[in-house]
Amino acid sequence: MRAVVYDRYGPPDVLRVEEVRVPSPGARQVLVEVAATSVNLSDWEGLRGSPMYARIGGLRAPRRRVLGSDIAGRVAAVGSAVTRFSEGDEVYGDNMGLMGGFATYAVAPEAALAHKPGELTFAEASTLPQAASIALQGTVSARRGQRVLINGAGGGAGSFAIQLAKLSGSHVTGVDNAGKLDFMRELGADDVVDYRREDFTRLEPFDLVLDLVAHRSVFAYRRALAPGGRYLCVGGTVRTVLRVVTVGAVLGLLTGRRLGLLLARQGPAQFEPVAARCIAGDLRINIDRLYPLEEVPQALAYVGEGRALGKVVITP
Ligand SMILES: NC(=O)c1ccc[n+]([C@@H]2O[C@H](COP(=O)([O-])OP(=O)(O)OC[C@H]3O[C@@H](n4cnc5c(N)ncnc54)[C@H](OP(=O)(O)O)[C@@H]3O)[C@@H](O)[C@H]2O)c1
C-alpha cells in the first residue's frame, strides 16, 4: 500500500510516499481502507516534534512513521475479538494512539471507531473526531448570556467551538489571524479579533476562555477572566501549559477564577453527539481544501502555517 512516511522530525520535506506492507489488525483492532483523513494541528506538531509533548514516546525520532489520526473509511478486516464491526462497514474515528491515516490502509482499535452516519461523506466524517471532541468538551460549560472567547477560533477545533458556544446562547468572540476574521463571523462569532493587532487579554473580561494555541503568561489569562470565570488551555507551548497547571491553578484559586488544562477525552461518545448536530443542520462542517495523498506535505504546511479555514482533508 502507499503511505506518507517520515523518519525524523522536521519540515514537510522530510515526508515521502513509500510502498509499505498493509498492517494487520490485532485481536481488538480493525483494518480500515482509508477514504479520508483530516489534518489536525497535532499532525503538524508530530511532524515538527514541537512542542516537546509531540515527542512523547519518540524523543529523538518519531515513534510512528505515518501520521494522520482522524480517519474515515471502510472496514477491510477485523481482529478475532472485534464485535462491533464487520468487513465493509463504514467507520470513522480518532486514531491518536496508532496514527497511520496518511496511507491507503490504517489499523485502529475497535474502541476508537464509530459507524459513519450515511448522511455524512467520508471527508465530512473525518473532520469530526478530534476537532469536534475538543470543541464539545471545551464549550460544554458555556451558558446563555455568558461571554465566551475562543483563541485560535478559525481552525479545525475552533470552527466547531464557535458554533457550539453560539448554540448555547453565549456571546462569542473569536480570535485568529486577519485572514480568518470573515470566516469566524460567518460561523456566528459576534466579535472577532486579529491577534496580531489586538491583545484579547485587555478587552472586556470573559466568563469562559477556550485557548487552542496558548503561549501567553498566566497573569494575562487571569486578566482576561471575569470573577468566577474559567480559562481552559487545550494546546500551546510546553512552558505555558506547565505554568497554567501550576501557577495558573493557584492564581485562579486565590482570585476566584479557574485556570486549567483540558485533556480531551477521546472516543465515539465525544464526537458522535456533534455528528448528530451536523446531520440535524445545527452545525456546519467547513472543509477548506481536499488534497491527494501525494500532497500531504502541502496540506500539513497549509494547516501548520495557519492558512486553513476550518478543516483540510486528505483523500487517498
Ligand atoms: N488537550 C488535548 O487533549 C488535545 C488533544 C489533541 C489536540 N490538542 C491541541 O488542540 C489544538 C487544536 O488544534 P486545531 O487542529 O484546531 O488547530 P488549527 O486548525 O491549526 O487552528 C489553530 C488556529 O490558531 C491560530 N493561531 C496561531 N497562533 C495564534 C495566536 N497566538 N493567537 C490566536 N490564534 C492563533 C492559527 O492561525 P495562525 O497560525 O495563522 O496564527 C490557526 O488558525 C492544538 O493546539 C492541539 O495541539 C489538544
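Computed from a predicted model, the values in this text were never measured in an experiment.

### So, the packing of aromatic side chains
In total, this model carries five aromatic pairs according to the counting rule given. Measuring from ring centre to ring centre gives 6.5 Å for Tyr6 and Tyr9, while their planes differ by 70°; the resulting arrangement is edge-to-face. When its relative accessible area of 12% is taken as the criterion, Tyr9 is described as buried. Between Tyr92 and Phe271 the ring centres are 4.9 Å apart and the planes differ by 65°, which places this aromatic pair in the edge-to-face class. Of this pair, Tyr92 sits in strand S5 (residues 90-94) while Phe271 is found in helix H8 (residues 268-279), placing the two residues 179 residues apart along the sequence. Pair check on accessibility: Tyr92 and Phe271 agree, each one buried. An aromatic cluster is defined as three or more aromatic residues linked by ring pairs; in this entry it consists of Phe200, Tyr221 and Tyr231. Between the NZ or CZ atom of Arg289 and the centre of the ring of Tyr302, over which it lies, the distance is 4.1 Å.

### Topic: the sheet that holds strand S10 (residues 191-194)
Strand order across the open sheet formed by six strands is S10-S9-S8-S11-S12-S13, with parallel pairing between neighbours. Two strands in the sheet have a free side with no partner beyond their single neighbour: S10 and strand S13 (258-261). Going across the sheet, the axis of each strand differs from the next one's by a mean of 15°, ignoring polarity. Direction of pairing for strand S8 (residues 147-151) relative to strand S9 (residues 171-176): parallel, over a ladder of five bridges. Following the sheet pairing, Asn151 is matched in S9 by Val175. Sitting on the sheet, helix H4 (residues 156-167) touches S8, S9 and strand S11 (206-211), and the angle it makes with S8 is about 175°. Contacts from helix H7 (residues 238-255) reach strand S12 (225-233) and S13, with the element oriented near 155° to S13.

### Some remarks on the environment of Asp282
In this structure, Asp282 sits in the loop between H8 and strand S14 (287-291). Judged by relative accessible area, Asp282 falls into the partly exposed class, the value being 37%. Each C-alpha atom, one on Asp282 and one on Gln163, is 8.5 Å from the other, the two residues being 119 residues apart in sequence. Excluding its chain neighbours within four sequence positions, the residues that come into contact with Asp282 are Leu167 and Arg277.

### Some thoughts on the site of the ligand
Neighbouring the ligand are 27 residues, the closest being Gly156, Asn177, Lys180, Tyr195 and Leu262. Leu41 is positioned with one of its backbone polar atoms (N or O) 3.0 Å from an oxygen atom of the ligand. Within the backbone of Leu262, a nitrogen or oxygen atom sits 2.7 Å from a nitrogen atom of the ligand. In the complex, 88% of the free accessible area of the ligand, which totals 940 Å², lies under the protein chains. Mapped onto the shell around the ligand, the elements with two or more residues apiece are helix H1 (41-48), helix H3 (129-139) and H4. Of the residues that constitute the shell around the ligand, the class distribution is twelve nonpolar, ten polar and five charged.

### Regarding the pattern of salt bridges
As enumerated under the stated definition, the model contains 16 salt bridges in all. Between Lys116 and Glu90 there is a salt bridge, with the nearest N and O atoms lying 3.4 Å from each other. One end of the pair, Lys116, is in the loop between strand S7 (113-115) and helix H2 (122-126); the other, Glu90, is in strand S5, and 26 residues separate them in sequence. Close ionic contact of Arg284 with Glu186 constitutes a salt bridge, the shortest N to O distance being 3.5 Å. Of this pair, Arg284 sits in the loop between H8 and S14 while Glu186 is found in helix H5 (residues 181-187), placing the two residues 98 residues apart along the sequence. Under the relative-accessibility criterion, Arg284 is labelled partly exposed at 33%. Where salt bridges share partners, they join Asp7, Arg16, Glu18 and Arg65 into one cluster.

### A word on the side chain of Asp70
Within the element layout of this structure, Asp70 appears in strand S4 (residues 70-78). Despite being buried, Asp70 has no salt bridge partner; Lys311 is the closest side chain of opposite charge, sitting 4.2 Å away. Side chain to side chain, Asp70 and Asn40 meet in a polar contact 3.0 Å long. Among the polar contacts made by the side chain of Asp70, one reaches the main-chain amide nitrogen of Gln130 at a distance of 3.1 Å. Once residues within four sequence positions are removed from consideration, Asp70 is found in contact with Ala36, Thr37, Ser38, Asn40, Gly93, Asp94, Ser126, Thr127, Pro129, Gln130, Ala131 and Lys311.

### Considerations on the side chain of Ser170
Along the chain, the position of Ser170 falls in the loop between H4 and S9. Once you skip the residues sitting within four places of it in the chain, Ser170 turns out to touch Ala142, Arg143, Arg144, Gly145, Gln146, Val148, Ala165 and Asp190.

What counts and how
Residues numbered from 1 in each chain as written. Predicted model: local features only at pLDDT ≥ 70, side-chain atom pairs only at ≥ 80, totals over all residues. Heavy atoms only, no water. Phe/Tyr/Trp six-rings, centres within 6.5 Å; stacked < 30°, edge-to-face > 60°. Buried < 20%, exposed > 50% of the residue type's maximum accessible area, 1.4 Å probe, protein only. Helix = DSSP H or I, 4+ residues; strand = E, 2+ residues; numbered from the N terminus. Lys NZ or Arg CZ within 6 Å of the ring centre and 35° of its normal. Pairing = 2+ DSSP bridges. Axes fitted to C-alpha atoms, helices over the stretch in contact; angles between N-to-C directions. Contact = heavy atoms within 4.5 Å. Near = heavy atom within 4 Å. Polar contact = N/O pair within 3.5 Å; in protein donor to acceptor, adjacent residues only side chain to side chain. Areas by Shrake-Rupley, 256 points an atom, 1.4 Å probe, with all protein chains shown as cover. Nonpolar A, V, L, I, M, F, W, Y, C, P; charged D, E, K, R; others polar. Salt bridge = Lys/Arg side-chain N within 4 Å of Asp/Glu carboxyl O. Lys, Arg positive; Asp, Glu negative; His and termini not counted.

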